[in-house]
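Residue strings, one per chain:
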Amino acid sequence: MHVDWLMILLRVIHVLTGILWVGAAVFVARFLVPAVRGAGPAAGPVMQQLIQRGLPAYMPTLAIFTVLSGFGLYWRDSGGFRLHEWLGSGTGRTFGLGGIIGLGVLIYGAVIVSPAAKRMGALGARMREAGGAPAPELAAEMQRTQAQLGRGSAIAASLLVIAALCMAVARYV
Ligand code: HEM
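Bear in mind the structure is a predicted one, so any value in this text is a computation, not a measurement.

Colleague: What is the right way to look at the site of the ligand in this model?
Modeller: Taken together, 24 residues sit near the ligand, with Gly18, Gly70, Gly99, Gly102 and Met167 positioned nearest. Every element with two or more residues in the shell around the ligand is listed here: helix 1 (5–39), helix 3 (55–77), helix 5 (90–130) and helix 6 (136–169).

The following block contains the structure:
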């Protein structure tokens, strides 16, 4: 029997990075951001540790590997975008829809979510340096940034769950 090692490699990379990406996004949106907002300044050291341990690079890395391997799989399944029968089938369209949503979240994360998370880290560092109670305008900016991050991460996580659902059912539609 012929073993398609490239397909196996792409699938291993894709499924592993995909589930880790969606899982991390849901954890961040559902638990981490609300917990950080609830704890207020007490969350500062934990945020600092998460940044030092590479959380800001972890999610984009997973996103890039998922999307690249996904497009590699799509390319192979569709015969380099030439198999019109597959492209127009329920399966091809559903993998394509999930793929577009995944790519959209990758871009949305890079443009909206990551910058908000970086701003929050920088504001936290400024507050720690200043010591004592934070200046009102700094505290207000932190609240705004946290609200933005809360919204952004919730949108990204919801879309990723939809993309994962597309992947789950695509073969059977
Ligand atoms: C967003 C997060 C994603 C998750 C969690 C995810 C997950 C999965 C899973 C579990 C499978 C296996 C399904 C099966 O064999 O029936 C799969 C297959 C596939 N995914 Fe994704 N995926 C994601 C994003 C993407 C993206 C961005 C693309 C780009 C087009 C893509 C394209 C594909 C294709 C073409 C297959 C079929 C591979 C094959 O023929 O074996 N996926 N995905």
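Having seen it, we continue.
Colleague: Whenever I open this one, helix 6 confuses me. Can you help?
Modeller: Turn by turn, an α-helix covers 3.6 residues, leaving residues three or four places apart pointing in a common direction. Helix length check: helix 6 (34 residues) gives 50 Å between terminal C-alpha atoms against 50 Å at 1.5 Å per residue, within 8%. Taken as a whole, helix 6 has its buried residues at Met142, Thr145, Gln146, Leu149, Gly152, Ser153, Ala156, Ala157, Leu160, Ala163 and Met167. Buried residues in helix 6 make contact with helix 1 and helix 5.

Colleague: Explain the packing of helix 3 against helix 5 to me, please; I cannot follow it from the model alone.
Modeller: Between two packed helices, the angle of one axis relative to the other and the distance separating the axes together describe the packing. Running from N to C, helix 3 and helix 5 point in directions that differ by 160°, and their axes come no closer than 10 Å. Between helix 3 and helix 5, the angle is such that the two are roughly antiparallel. For the crossing formed where helix 3 meets helix 5, the hand is left-handed. Together, Pro56, Met59, Pro60, Ala63, Ile64, Thr66, Val67, Gly70, Phe71 and Tyr74 of helix 3 and Phe95, Gly96, Gly99, Gly102, Leu103, Leu106, Gly109, Ala110, Ser114, Ala117 and Lys118 of helix 5 make up the contact between the two elements.

Colleague: Any chance you could explain the packing of helix 1 against helix 6 here in plain terms?
Modeller: The interhelical angle for the contact between helix 1 and helix 6, taken along N-to-C directions, is 155°, at an axis separation of 8 Å. The pairing of helix 1 with helix 6 is recorded here as roughly antiparallel in orientation. Our pair here, helix 1 against helix 6, has a crossing hand that is left-handed. Residues Trp21, Val22, Ala25, Val26, Val28, Ala29, Val33 and Arg37 of helix 1 lie in contact with helix 6, whose contacting residues are Gln146, Leu149, Gly150, Ser153, Ala154, Ala156, Ala157, Leu160, Val161 and Ala164. Residues belonging to the contact of helix 1 with helix 6 are distributed by class as follows: 14 nonpolar, three polar and one charged.

The rules we used
- Residues numbered from 1 in each chain as written.
- Predicted model: local features only at pLDDT ≥ 70, side-chain atom pairs only at ≥ 80, totals over all residues.
- Near = placed C-beta within 6 Å.
- Helix = DSSP H or I, 4+ residues; strand = E, 2+ residues; numbered from the N terminus.
- Expected span 1.5 Å × (residues − 1).
- Buried ≥ 20, exposed ≤ 12 C-beta atoms within 10 Å, placed from the backbone.
- Contact = placed C-beta atoms within 7 Å.
- Axes fitted to C-alpha atoms, helices over the stretch in contact; angles between N-to-C directions.
- Parallel < 35°, antiparallel > 145°, perpendicular 65-115°, else oblique.
- Left-handed = near helix turned anticlockwise from the far one by under 90°.
- Nonpolar A, V, L, I, M, F, W, Y, C, P; charged D, E, K, R; others polar.

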